[in-house]
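Residue-level structure breakdown
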Amino acid sequence: MSMPTLPSRRHLHGRLAALSLALLLTACGGGGGSGGSTGPLPSVDTTAVAAADPGTTLDADWRKGPFAEIFVRAYQDSNGDGIGDLQGLIGRLDYLRDLGVTGIWLMPITKSQDGDHGYAVSDYRAVEPGYGTLADLDALVSAAHARGIGVVVDYVMNHSAAQHPAFVNANSGSSNAFRDWYIFSASKPSGWSIYGGDPWRSGREGYYFAPFWDQMPDFNLKNTTVVNWHHDNLRFWLNRGIDGFRFDAVGNLVENGPAAWENQAENFTLMGNVRQMVNGSYANRFLVCEGPSAPLQFQPACGSAFAFGHQYKLVSAAQGDAAAIRDVAAYFDTASAGMSTMLSNHDSFAGQRAMDQFNGNEAQYRLAAATYLLQPGTPFIYYGEEIGMRGAGSLSGDPKLRTPMSWTSTNTGAGGFTSGTPFRALSANVAAYNVQTQAAQTNSLLNWYKAIIAVRQAHPALRRGIHVSAAAAGTTLSFQRQDGNQRAVVMINYGTGNALINASGLPANGVLTNAFPPSGTDVNIDAGGSVSVSVPPQSVRVFVTSL
Ligand SMILES: [Ca+2]
Ligand SMILES: [Ca+2]
């Protein structure tokens, strides 16, 4: 089923940014349009890669998270060029370990044409030069594993950069051997509109298919040679010890016509085959898909998929919206615990940064965070979310959400991100909402995140437990999760007054042992297996009991 409303905003923003870059590339004589190079064609690395799992020291639960989603360009610069890099990230792994994450998802670290987000990949087996080298990546993986943290990297199977050697070849003429790696048409097809734009672009001969940007041509994924080559690329990274992948735009992999271009059956087959290849040859890996208009459907094929839609409910629930609280309660009645959850991410179509959505209301922010960090699923924390980073006041669209990490106030330079000039404007609230300031404040948002994550990680029922039940009543939520004979009970009062929250189905005459907050007390369960707990306004209670 096509649900273009959410993705369209993403691609509009991408299109505007793309337009200016495309003009720049045209002026420089590059790009994939009609004016390509007449020199010798570049070679394409099609070397086959056999599976050779180097093994892992991570325990199996690392895949339950929480993860941090990290934009390497924006996280930490180590050499003063204003661009974050892998060595900078290595220097921040202790911070991530202390936050409590067990995995990091890196937005594309592969060499790219866009020079920013990285989704226009120009070499699938090389690191973006500004980020470092393959040796730096190996060092990052080793240092992360030493801290119990797995490293998942973005992989873009749908499209490459126009400057990728395979497309330069394909676009050179209709008889080129790589022509069928992409999607060409001698005449311009009619009737197509994807996210409000015509996906057919003028090439050297005929037209090529590139719905996201004229510099990001779609691969022909009906060509098994291309699919096999992607599997070789995936093995290239897995053999180096990479712990898995986040797959971009899986709803867009295969197109069957102007009315059949999204979430096609072939997409699920392609991702299922990737999952089988990875799980069949590599131990303890994690795969998660971005399929915004069919999140639940992609989870079985991919192993995990982001719970698009749920993030808006989390925000509304925290704002006291009773209908949204009912939706949050009901989500895991049908959704698999294999879903990956979030409050927001790097794409504006998924929402602004959480602090902007809550407009500074930190009490609501904390409730939203606690809800998704304690519910089933694998939670993903967008970098800086844990310190309440806002977007940049001077920017809009996706760049607004992708600002340098706020490590310190600006008293000592660019928020601690770089000793040079940062590649992008800083977060609007860097002065007060930064790691250094919040680490020193006992009751800061950062310490709230740490405390909630610590509760999750301390109790198997919260870390990996199944969904047992959930109930909404007015502006309250309670839910129960279970692992083995441990049952966890979470109660959240989103309202601004005291509330009695009930839970049932518990061991008769047992005890709910307080797990959060530290000042909380144990509660006796009645003979009918029920409790009724007085929960203060805008607060969270967590208990565990043995069955
Ligand atoms: Ca740098
Ligand atoms: Ca496609």
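Now for a description of the structure that goes with this document. Note that the structure is a prediction, hence the values are computed from the model and not measured.

This part takes up the nonpolar core. Nonpolar side chains in soluble globular proteins generally cluster together in the buried interior. Counting 140 residues, the largest nonpolar core has Ile70, Leu96, Ile104, Leu106, Phe245, Phe247 and Tyr449 as the members making the most contacts within it. Setting aside residues no more than four positions away along its own chain, Leu96 makes contact with Ala68, Ile70, Tyr75, Leu89, Val101, Ile104 and Ile149.

By the definition in use, this model includes 40 aromatic pairs. Centroid distance Tyr382 to Tyr383: 4.8 Å. Interplanar angle 70 degrees. Geometry classified as edge-to-face. Looking at Tyr383, the relative accessible area reads 1%, which means it is buried. Taken together, the aromatic side chains of Tyr124, Tyr155, Phe167, Phe178, Trp181, Tyr182, Phe184, Tyr208, Phe219, Trp229, Phe245 and Phe247 make up a single cluster linked through ring pairs. Between the NZ or CZ atom of Arg179 and the centre of the ring of Phe184, over which it lies, the distance is 3.7 Å.

Here we have three strands laid out as an open sheet, ordered E6-E8-E7, and antiparallel in their pairing. Taken across any chain shown, the strands that pair with only one partner, and hence form the sheet edges, are strand E6 (184-185) and strand E7 (200-202). In this sheet, strand E8 (residues 207-209) lies alongside E7 in antiparallel orientation, the contact comprising three bridges. Bridge pairing in E8 links Ser202 to Tyr207.

Before going further, it helps to spend a moment on the side chain of Arg456. Relative to the elements of secondary structure, Arg456 occurs in helix H16 (residues 445-458). Here Arg456 is buried and forms no salt bridge, its nearest opposite-charge partner Asp61 lying at an N-O distance of 8.9 Å. Those residues within four positions of Arg456 in sequence are excluded, and the remaining contacts are Lys64, Gly65, Pro66, Leu373, Leu374, Gln375, Gly377, Pro379, Leu462, Arg463 and Arg481.

A cis amide bond links Gly65 to the next residue, Pro66, at an omega of 5 degrees. Within the element layout of this structure, Pro66 appears in the loop between helix H1 (5-28) and strand E1 (67-70). Positive phi, normally seen in glycine, also occurs at Ala249, with a value near 50 degrees. In this model, Asn359 sits at a positive phi of 45 degrees, which is unusual for a non-glycine residue.

Before going further, it helps to examine the coordination of the calcium ion (ligand 1). Protein coordination at the calcium ion (ligand 1) comes from Asp77 (OD), Asn79 (OD1), Asp81 (OD), Ile83 (O) and Asp85 (OD), with a distance range of 2.3 to 2.4 Å. Donor residues for the calcium ion (ligand 1) sit on one chain with the sequence pattern D-x1-N-x1-D-x1-I-x1-D. Overall, Asp77 belongs to the buried group, its relative accessible area being 7%. Relative accessible area serves as the criterion here: at 52%, Asn79 is assigned to the exposed category.

Rules used throughout
Residues numbered from 1 in each chain as written. Chains lettered and ligands numbered in written order. Predicted model: local features only at pLDDT ≥ 70, side-chain atom pairs only at ≥ 80, totals over all residues. Heavy atoms only, no water. Core = buried A, V, L, I, M, F, W, Y, C linked by side-chain atoms within 4.5 Å. Buried < 20%, exposed > 50% of the residue type's maximum accessible area, 1.4 Å probe, protein only. Contact = heavy atoms within 4.5 Å. Phe/Tyr/Trp six-rings, centres within 6.5 Å; stacked < 30°, edge-to-face > 60°. Lys NZ or Arg CZ within 6 Å of the ring centre and 35° of its normal. Pairing = 2+ DSSP bridges. Helix = DSSP H or I, 4+ residues; strand = E, 2+ residues; numbered from the N terminus. Lys, Arg positive; Asp, Glu negative; His and termini not counted. Salt bridge = Lys/Arg side-chain N within 4 Å of Asp/Glu carboxyl O. Donors = N, O, S within 2.8 Å, 3.2 Å for Na, K, Ca; no water.

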